[in-house]
Amino acid sequence: MALAGVVALAALLPVAYLVVRAGGGGWSAVAGTLFLDRTARLLVRSLGLAAAVSVASAAIGIALAWLTVRCDLPGRRVWRVLVALPLAVPSYVAAFAFVSNVPTLTGFLPTFAVLTLLSYPYVFLPVAAVLERVDPALEETARSLGDGPATAFRRVTLRQIRPAAATGSLLVCLYVLSDFGAVSILRFDSFTRVIYQSYQSSFDRRPAAILGCLLLVFTMGILVAEARTRGRARYYGGGRGAPRRPPVIRLGRWRWVALVLPVAVTVAALAVPLGTTLRWLAESVRASADLGRIGRAGGATVLASGLGAAVTAVAAVPVALLAARSRSRLAGLIERSAFVGHALPGIVVALSLVFFTVRFMNPLYQRLPVLIFAYMVLFLPLAVSSVYGSALQAPPTLDDVARSLGKRPREVFRTITAPLLAPGVAAGAALVFLTCLKELPATLLLGPTGFETLSTRVWSATQAGAFGDAALPALLLVAAGILPTWALTRRGRTTAS
Amino acid sequence: MSTAGSGAVECVGVSKAFGAVQALHATDLSLASGTLTAVLGPSGCGKTTLLRAIAGFERVDSGTIRVSGQPVAGPGVHLPPERRRVTIVPQEQALFPHLTVAANVGYGVRRGAARQRAVEAMLELAGLAGLGDRMPHELSGGQQQRVALARALAPGPSVVLLDEPFGSLDAALRDEIRSEVAALLRASGATSLLVTHDQEEALSMAETVAVMRSGAIVQVGPPQDVYRHPADLWVANFVGRANILPGRAVAAGTVETALGTLVVGAGPGNGDVDVVIRPEQLQIVASGDSGAATVDDRRYFGHDAVVGVRLPGGERLLVRLPSADPLPVGARVVVSCQEPVLTFPTTVR
């Protein structure tokens, strides 16, 4: 309990300091930044982008889920895996691919398109999982009560997927508001880009802190809303699972027309980035790229991500154990504060840690430990949910039995609790590792001087227009991202069956 | 052996409160060596707290607990669970999922050459020979139950505590596993304590039944004593089915009731009383239009049947019929009781 509390406090500390720092100049200074026309336009642009991408993602995600789960789409099993994969493509890689083909692609529409193509799987995955386990008896009952097939789908099945779609759309909102790579490369002035610019260009960093806090208000609000809908989604989706699979809907001649959607999406979200990257790669090989530099960046990436994964997975253990075992109010609070990381844009965490280290731990400013700590704050939720599954396999009764059989608490942890947690800790560490690889804004702001990872390499090369230099790191990152996404879709399948 | 008695476990005046809730109220309990004692009580009566106090998972507020004569809990004493030689079989068996059957059974046995032999002997005794290399999830429900018990018995504990161990099993399996467990406990010569809310389980398995209510033991004795001579009306009602009729004790050894004058086995000599009649003490002596009572419910179980009968005065009785007479609902019958009955002074309700 005490350990879990320490982890939770550590996760909240930088954010708390950001708020203190933002308010440091008094209310008039805060108001001076908040009530500018510029801030109002920034708000409209960011929220507008988030809303537009969410709506488009919901439409694409639901349509694809319905086509691949319920209809006789040609090759639907393959499509189910393929259309989930855009989740693996870092936004700055996709943005790089588009911009390097057509340099004039900037502003709202390209940003909207890129983010939609990458984030609709947040809707697709949960909706497909629900569609797969909806009890066909529900639709059959509706049919027996006089509904036609289309009406029954609308009145019954669509109601079942609504909570899952809502949860997914809110995750898309979070993703869009937190995204730094795509909006920066496609030069769309949303919160994260403006915060970064304001931080880079001015000696007075308070406006950056104030905007960071404002962004935090929205992401936190979305996190709360998401938690609410998730509770309802479980209520709808739970139960003992369907005894039968729902009947397949025959599309007839339309099945080839329906193929247009998954093909278009996969081409735009996967084939274009991959093809572009490969083309630049071929060109850069001809121009004999600096392989040594990429090798060093790779090494630095593995080092930072490995340390981040190890620290995060270990920190997740007390929190997950507490969440699985205790039902007290304090335990719930600690658990929830560990999940705040979900709502923290990387740029905000990075900014707050810059302020915090400069003020309190100057020797550590722009040193590796601070970056590792940022990774922990950002990705603790991933590790906690992974360890939590294992912690459920180790209920406190097992400890009681082991104690009664003559083992001291430390031995009980070594022989019972630790071996049972190990798979969850390992899976959590792997997931965090692969997520750290792609992380951009925190690595950019907190990495030591001269420290270059694959993600910052893609970013700086793209900024400089040196697209060939970005190709190989981008390709490596996409390859690394596909693994956990694959695991995610498989997990979704096993829980659904 | 200690001076406090020959019991393997002695609880004297054990109290435990959770906030405002007094879970144990100066509870006394003594377990005779080598026997199975059942603590029987409704849910929330404190029986699981008593078990956890004996095992060492709960710290008692006052009173003392001795295991094999050695104080394990009391004023200034609280031995941790691992040093009490008290093992548990929890509700859901709680087998260690990452260990084989043999490793589960050997978990509490000291390392060394004797360990493997001890494990094999225990597997043999529990009818699990040859299953040592299996993982827990590969076993049937009954086998898992036996592994949980074998694991608890293997270290040779002073006492084994079983916490509602059959609750998670389905009814068809439960009967069979109960007798397996009772046989295994007898064969190992262990002292054991079974906590349950199921009176059938307590009566059929235990040598001694301790009835618990609101954190205190209200009656201890062999199952047949507790059933035949319940300490009060509450115990009579909780242990087995009981018909309760108001009555008036007039002459020595008899009581006037709606069923006529009955012979009293035990109870106060005069005044208003509550009469306890078990369903099997009643007979239906005549049926047809002559009867004053009416059958209003009928449940057929195969080996016997229970019918509900309403007396002219409105009192309702359950009658257990050894053979299933074809008594339709609505039939007029005459009910009689030939056996001695129990009476208790009428309680103000």
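The helix and strand tally for chain B stands at 8 helices and 21 strands. The C-alpha extent of chain B, read off along each of the three principal axes, is 80 × 45 × 35 Å. Taken across its 349 residues, chain B has 41% of its residues classed as buried. Once local pairs closer than 6 in sequence are excluded, the contacts in chain B between residues at least 24 apart make up 66%.

We now examine the interface of chain B and chain A. A common way to state how big an interface is: give the accessible area lost once the parts meet. Every contact between the two is made by 16 residues of chain B and, on the other side, 15 residues of chain A. Counting residues per element, the side of chain B that touches chain A draws most heavily on strand β7 (residues 86-89) of chain B, which supplies 3 residues.

Residues and elements named next belong to chain B. Taken in spatial order, the 6 strands of this open sheet run β7-β8-β9-β3-β10-β11, and their pairing is mixed. Edge positions in the sheet fall to β7 and β11 (216-221), since each has one partner strand and no second. Going from strand to strand, the sheet's axes swing by 20° on average, the running direction of each strand aside. Of the pairings in the sheet, the one linking strand β3 (residues 36-40) to strand β10 (residues 208-213) comprises 4 bridges and is parallel in character. The residue of β10 that forms the bridge with V39 is A210.

Here we take up the sheet that holds strand β13 (residues 254-257) of chain B. All names here are of chain B. Judged by pairing direction, the barrel is mixed, and its 5 strands sit side by side in the order β12-β13-β14-β21-β15 before closing back on the first. For this sheet, the mean angle separating the axes of adjacent strands, direction not counted, is 55°. Sheet topology places strand β12 (residues 243-249) next to β13; 2 bridges connect them, and they run antiparallel. Bridge pairing links A249 to V255 in β13.

Attention now moves to unusual backbone geometry. Residues and elements named next belong to chain B. Unusually for a residue other than glycine, S68 sits at a positive phi of about 50°. One can find S68 in the loop between β4 (62-67) and β5 (70-74). What makes S68 partly exposed here is the crowd of 19 C-beta atoms within 10 Å. Unlike most non-glycine residues, E164 shows phi in positive territory, near 40°. Here E164 shows up in the loop between β8 (159-163) and α5 (171-188). Under the C-beta neighbour-count criterion, E164 is labelled buried, with 20 such atoms within 10 Å.

Conventions we followed
Residues numbered from 1 in each chain as written. Chains lettered and ligands numbered in written order. Predicted model: local features only at pLDDT ≥ 70, side-chain atom pairs only at ≥ 80, totals over all residues. Helix = DSSP H or I, 4+ residues; strand = E, 2+ residues; numbered from the N terminus. Buried ≥ 20, exposed ≤ 12 C-beta atoms within 10 Å, placed from the backbone. Contact = placed C-beta atoms within 7 Å. Pairing = 2+ DSSP bridges. Axes fitted to C-alpha atoms, helices over the stretch in contact; angles between N-to-C directions.

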